[in-house]
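# Fold and geometry: a report
Residues per chain, in single letters:
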Amino acid sequence: MAMVEEALDAGIELSAVVIPLLKGVLYEDDETRLWGLLLRLQARVRDYVGVLGLELVIDEAEGYAFLRSRPTEDDALPRLVARRPLSFGVSLLLALLRKRLAEFDATSGDTRLVMTRDEIVELVRVFLPETANEVKRVDQIETHINRIADLGFVRRLKPTGSAGGPVSYEVRRILKAFVDAQWLADFADRLKAYKEQLDPSTEVASEDA
């Protein structure tokens, strides 16, 4: 009886870790207890999700973990982690936030990059074509912000103080895992072509990641 109870407890612990991972990214600072459980059970988690065609990625230094599909030559196999096509606007925002995060890490001793909604809008605005309808352009950028929030790359923070404050977002460090140097380099080429299409006389120099 004791062995059965131990097996049930072990199964419950494994499920407690795997289910949140199947739903999205697990962050150490959000789920301290589950994070400790994941580190203790990570070998079992890897074996379990491996059967599902997934692999576990853990970055202990940055404090996040997620599942991704293992590369396969058989496209007929179903994917538990779906590919999510991104619009140019969303890709642009991700690239700019990734560069901002790299600059922040190089100049700040803090681990949390927090930006206001206006700061994010201004970051993107200079790359968009001029328009007479500024409200519509801001609304479009806010739509992109909401999209990357849904994907888990930023988190909207609760206003502080009784009177509230500006809408702020924390740029999640999982962004570093998805937007690497090669992705940025490829996107820089796309951005250059995009800017030249808007204004053939404008040349955009590629930036190092």
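In this text the structure is predicted, and so the values were computed from the model without any measurement. (Residues numbered from 1 in each chain as written. Predicted model: local features only at pLDDT ≥ 70, side-chain atom pairs only at ≥ 80, totals over all residues. Heavy atoms only, no water.)

Turning to the nonpolar core, a few remarks are in order. Membership of the largest hydrophobic core comes to 35 residues, with the highest contact counts inside it found for L92, L97 and I148. Secondary-structure elements contributing two or more residues to this core are strand 3 (64-69), helix 3 (88-107), strand 4 (113-116), helix 4 (117-125), helix 5 (134-150), strand 6 (168-171) and helix 7 (181-198). Among the elements that make up this core, the one with the highest residue count is helix 3 (nine residues). With residues up to four places along the chain from it excluded, the contact list for L92 reads V124, F127, L128, F187 and L191. Core analysis: the second largest hydrophobic core is formed by 17 residues, L21, W35, L38 and I58 among them. (Core = buried A, V, L, I, M, F, W, Y, C linked by side-chain atoms within 4.5 Å. Buried < 20%, exposed > 50% of the residue type's maximum accessible area, 1.4 Å probe, protein only. Helix = DSSP H or I, 4+ residues; strand = E, 2+ residues; numbered from the N terminus. Contact = heavy atoms within 4.5 Å.)

This part takes up the sheet that holds strand 2 (residues 54-59). The antiparallel open sheet is built from three strands, whose spatial order is 1-3-2. Among the strands making up the open sheet, the edge pair consists of strand 1 (26-27) and strand 2. Contacts from helix 2 (residues 32-51) reach strand 1, strand 2 and strand 3 within the one sheet, and its direction differs from that of strand 2 by about 155°. (Pairing = 2+ DSSP bridges. Axes fitted to C-alpha atoms, helices over the stretch in contact; angles between N-to-C directions.)

Turning to helix 4, its buried residues number three or more, namely I120, V121 and V124. Along the axis of helix 4, the buried residues cluster in a sector spanning 100°; they form a single face. In this structure, the buried residues of helix 4 make contact with helix 3, strand 4, helix 5 and strand 6. (Arc of directions from axis to C-beta.)

Let's shift gears to the sheet that holds strand 5 (residues 154-156). A sheet is described by the order of its strands in space; here three strands give the open sequence 4-6-5, paired in antiparallel fashion. At either end of the open sheet lies a strand with only one pairing partner, and these are strand 4 and strand 5. Taken pair by pair, the neighbouring strands of this sheet meet at an average axis angle of 30°, ignoring direction. Across the face of the sheet, helix 3 comes into contact with strand 4, strand 5 and strand 6 while running at roughly 130° to strand 4.

Both the distance between ring centres and the angle between the ring planes are used here to describe each pair of aromatic rings. One pass over the full model with this rule turns up three aromatic pairs. A centroid spacing of 5.1 Å and a plane angle of 40° characterise the contact between F66 and F178, whose relative ring orientation is tilted. Taken together, the positions of F66 in strand 3 and F178 in helix 6 (residues 175-178) put the pair 112 residues apart, joining distant regions of the chain. What makes F66 buried here is its relative accessible area of 5%. For F178, a relative accessible area of 42% translates into the label partly exposed. Geometrically, the ring pair formed by F153 and F178 is edge-to-face, given 5.5 Å between the ring centres and 75° between the ring planes. Pair noted here: F153 is in the loop between helix 5 and strand 5 and F178 is in helix 6, with a separation of 25 residues, a long-range link. Following the ring pairs from residue to residue traces out a cluster consisting of Y64, F66, F153 and F178. The cationic tip of R172 hangs over the ring face of Y27; the distance from NZ or CZ to the ring centre is 3.5 Å. (Phe/Tyr/Trp six-rings, centres within 6.5 Å; stacked < 30°, edge-to-face > 60°. Lys NZ or Arg CZ within 6 Å of the ring centre and 35° of its normal.)

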